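A closer look at the structure
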Amino acid sequence: MIFNGTETWSVDWDDPNAPYELDSHGLIAAPGETLEAFAARIDELLRTRARFDLCTEDRAGAESLESEVGFKVGAAEPINAAVLSEAAEKTEKLFGFRADWVPAFFPTRGLGLLWGGCTVITDSGFPVFFLRRGFRTRPKWFIYRRDELLAHELCHAVRGCLEDETYEEHFAYMTSGSAFRRVAGNCFRHEWDAVAFLIPVVLLLAVQLVVYTGLLSLPIWPFWILAFAFPVFLAARSIPERRTYFAARSNLEQNGFANPDAALFRMTTDEIRRIARMPDDRLGAFLKERSDAELRWQILIQRFQHPQTETPHENSIPE
């Protein structure tokens, strides 16, 4: 259904199963999006994707890629399908998608000394993934695992159309093999969270050094309090959100969802909170109402609440 040629990616929109198959590729419908708006956005996205097939290790391809992402990447080699499939196995099991449309490269420039990988959003809003070149031949480097980095960033790429950040890191860190990262990952929601976490720690170390060398005489205990205050805030913010998530997950599971995590992955924070608080006797009616009203909900309910049934005919898709 999705055609990947040498110069074009396209969708057969005459196929009534197209929205469902696209969802399985990580091309999910946005909140409030109609079938027509979804089709227009996906067609434009795939036209943009086709340009990256020309970005290879040769100089002309590298220059084309650099113009897309806005910084030097050197001779960027496309990441092969075997490596990408490592991440796809994780995301398919957890969230029901294999995002084979996100271009990914091993650059020779552009990543920091200890940087494992990153996703760059182009001016057109298209995600491009870069992975440290050392991962070409080994699955682990420093503290990073290749499959986890790819799966983590693919979650961000797929959920980007939701424009919802509260549970963004929660879902991305669910791909980690570390229980600590899965629990603590959602504490850092914004770039400034990490900065605010590090500044008091660095300040504490600096004060200790100044006091130890005798340059100044200062009480250290206020700086210890400052260093612990923000981590406590992060944990206090994260704990109720995790409780809400698992309450919503339990409610969906009791209402026949074979993969509640995949369904929640496609929801906004407000929707997750509503489901978490909703009495069981009202949830069925709420799901039916949302399915009748919105394409995104019909897809997620059909795929993950009743995966054993056939895909509905195109006439039942909300217009």
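The coordinates are above.
Residue positions are given per chain, counting from 1 as you read along its sequence in written order. The model is predicted, so local features are restricted to residues of pLDDT at least 70 and side-chain atom pairs to those at 80 or more, both for listing and for counting; the totals for chains, interfaces and linings are taken over all residues. Based on all heavy atoms of the structure, the side-chain values leave hydrogens and waters out of the count.

1. A closer look at the sheet that holds strand 4 (residues 104-106)
Any two strands between which DSSP finds at least two bridges are classified as paired. Runs of H or I in DSSP of at least four residues are treated as helices and runs of E of at least two as strands, each being numbered from the N terminus. An order of 3-4-6-5 is seen for the four strands of this open sheet, with the pairing classed as mixed. Two strands in the sheet have a free side with no partner beyond their single neighbour: strand 3 (77-78) and strand 5 (117-121). In this sheet, strand 6 (residues 127-131) lies alongside strand 4 in parallel orientation, the contact comprising two bridges. Considered in strand 6, the bridge of Ala-104 is made with Phe-129.

2. Quick look at the pairing of strand 5
The pairing of strand 5 with strand 6 spans five bridges and is antiparallel. From the neighbouring strand, Ile-121 faces strand 6, where its bridge partner is Pro-127. From the end of strand 5 to the start of strand 6, which pair antiparallel, there are five residues, and Gly-125 there has a positive phi angle of about 85°.

3. Topic: empty space enclosed by the protein
Unoccupied space between atoms shows up once a probe the size of one water molecule is rolled over them. Only protein atoms enter the 1 Å grid used here. Points where a 1.4 Å probe fits but cannot escape make up a cavity, open sets with protein on both sides within 12 Å along at least five of seven lines make up a pocket, and a residue lines them when an atom lies within 4 Å of a point. Grid points are joined across faces, edges and corners, and a volume is the space filled by probe spheres set on the points. The tally for this structure, following the rule as stated, stands at one cavity of 30 Å³ or more. If you go around the largest cavity, the residues you meet are Leu-84, Ala-99, Val-102, Pro-103, Ala-104, Phe-129, Leu-150 and Leu-154. The class makeup of the residues in the lining of the largest cavity is eight nonpolar, no polar and no charged. Any residue outside Ala, Val, Leu, Ile, Met, Phe, Trp, Tyr, Cys, Pro, Asp, Glu, Lys and Arg is labelled polar, Gly included; the first ten of those are nonpolar and the last four are charged.

4. Re the nonpolar core
Nonpolar cores are built from buried Ala, Val, Leu, Ile, Met, Phe, Trp, Tyr and Cys residues. Side-chain atoms within 4.5 Å join them into one set. Each residue is placed in one exposure class: buried if its accessible area under a 1.4 Å probe, protein chains only, is under 20% of its type's maximum, exposed if it is over 50%, and partly exposed if it falls in between. Core analysis: the biggest nonpolar cluster contains 73 residues, and Trp-101, Phe-171 and Met-267 have the highest contact counts within it. Residue contacts for Met-267: discarding those within four places in its chain leaves Arg-159, Leu-162, Leu-252, Ile-272, Ile-275, Arg-296, Trp-297 and Leu-300. Residue contacts follow a heavy-atom distance rule, with two residues in contact if any of their heavy atoms lie within 4.5 Å.

5. Focus on the packing of helix 9 (residues 221-254) against helix 11 (residues 269-277)
The geometry of a pair of packed helices is captured by two quantities: the angle between their axes and the separation between those axes. Where helices are involved, their axes are fitted lines through C-alpha atoms of the stretch in contact, as for all axes, and angles between N-to-C directions lie from 0 to 180°. Look at helix 9 against helix 11: their axes get within 8 Å of each other, and the N-to-C directions meet at 65°. Regarding helix 9 and helix 11, the two cross each other, and that crossing is left-handed. Of helix 11, the residues touching helix 9 (which contributes Thr-244, Tyr-245, Ala-247, Ala-248, Asn-251 and Leu-252) are Ile-272, Arg-273, Ile-275 and Ala-276. For the contact of helix 9 with helix 11, the per-class residue count stands at seven nonpolar, two polar and one charged. Handedness of a crossing is defined here by the sense of rotation of the near helix relative to the far one, left-handed for an anticlockwise turn of less than a right angle and right-handed for a clockwise turn.

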